[in-house]
Amino acid sequence: MAPDQVRASHLLVKHRDSRRPSSWKEAQVTRSREEAESMIAEFHRQLTSGQADFAELARKESHCSSARAGGDLGLFPRGAMQRPFEDAAFALPVGGLSGPVFTDSGVHLILRTA
């Protein structure tokens, strides 16, 4: 049986076509979607090679306000997040790290924590 809710952390990189192309990191985001995807790919490489810790990397690099909490979004049920994000988070095993996930907000890496 699928869980009713999951807990996940994420690292978001916005691009100029994001629904809100600004963040605590950048007043105006000008990078392309491809540049954002390239950044996410590099972060994924750092995480999977053990060169980086997810929470530390999210605190430094994520464009989401959850960066303050190391990317932690807490528990959330189905229907609370954009569909591609939700689908990826619910499909991951606990401890699993996604590849790039594309939403209207930008490009994410998702770490399922519960």
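All figures in this text were calculated on a predicted structure; none of them were measured in a lab.

Novice: Lay out the environment of Pro93 in plain terms, naming residues and giving numbers.
Specialist: Inspection of the secondary structure puts Pro93 in the loop between helix 3 (83-91) and strand 3 (101-103). In sequence terms Pro93 and Ala8 are 85 residues apart; their C-alpha atoms lie 11 Å from each other.

Novice: Just give me the short version of helix 1 (residues 33-48), but keep the residues and values in it.
Specialist: Its 16 residues place the ends of helix 1 22 Å apart at the C-alpha level, agreeing with the 22 Å of an ideal helix rising 1.5 Å per residue. Packed against the buried residues of helix 1 are strand 1 (5-13), helix 2 (54-61) and strand 4 (106-112). In the segment just after helix 1, Gly50 is the residue with positive phi, at about 80°.

Novice: Describe the nonpolar core, listing the residues and the values that go with them.
Specialist: With 12 residues, the main nonpolar core is built from Leu11, Val13, Ala36, Ile40, Phe43, Leu47, Phe54, Leu57, Ala58, Val107, Leu109 and Leu111. Breaking this core down by element, the ones donating at least two residues are strand 1, helix 1, helix 2 and strand 4. Among the elements that take part in this core, helix 1 stands out by supplying 4 residues, more than any other. Each residue touching Leu109, except ones within four places of it in the same chain, is listed here: Ser9, His10, Leu11, Ile40, Phe43, His44, Leu47, Phe54, Leu97, Ser98, Gly99 and Pro100. Membership of the second largest hydrophobic core comes to 10 residues, among which are Val6, Phe76, Ala88 and Ala89.

Novice: Break down the sheet that holds strand 3 for me, with residues and values.
Specialist: With antiparallel pairing, 4 strands are arranged side by side in an open sheet as 2-1-4-3. If you trace the sheet from one side to the other, it starts and ends with strand 2 (72-77) and strand 3, each paired once. Between one strand axis and the next, the sheet turns through 45° on average, direction left out of account. One ladder, built from 6 bridges, connects strand 1 with strand 4; its direction is antiparallel.

The rules behind the values
- Residue indices follow the written sequence of each chain, beginning from 1 at its first position.
- Only residues with pLDDT of at least 70 get local features here, since the model is predicted, and only at 80 or more are side-chain atom pairs given and counted; chain-wide, interface and lining totals rely on the full set of residues.
- Hydrogens and water molecules were not included; the side-chain quantities draw on all heavy atoms of the structure.
- Strands here are runs of E lasting at least two residues and helices are runs of H or I lasting at least four, both read from the DSSP assignment and numbered beginning at the N terminus.
- For a helix, the expected span equals 1.5 Å multiplied by the residue count minus one.
- In this description, contact between two residues means that some pair of their heavy atoms is separated by no more than 4.5 Å.
- Side-chain atoms within 4.5 Å are what join buried Ala, Val, Leu, Ile, Met, Phe, Trp, Tyr and Cys residues into a set we call a nonpolar core.
- Per-residue accessibility, obtained with a 1.4 Å probe over protein chains only, is compared with the maximum for each type, and a residue is labelled buried under 20%, exposed over 50%, and partly exposed between these values.
- When DSSP finds at least two bridges between two strands, those strands are taken to pair.
- Interaxial angles span 0 to 180 degrees and are taken between N-to-C directions of axes, which are lines fitted to C-alpha atoms, for helices over the stretch in contact.

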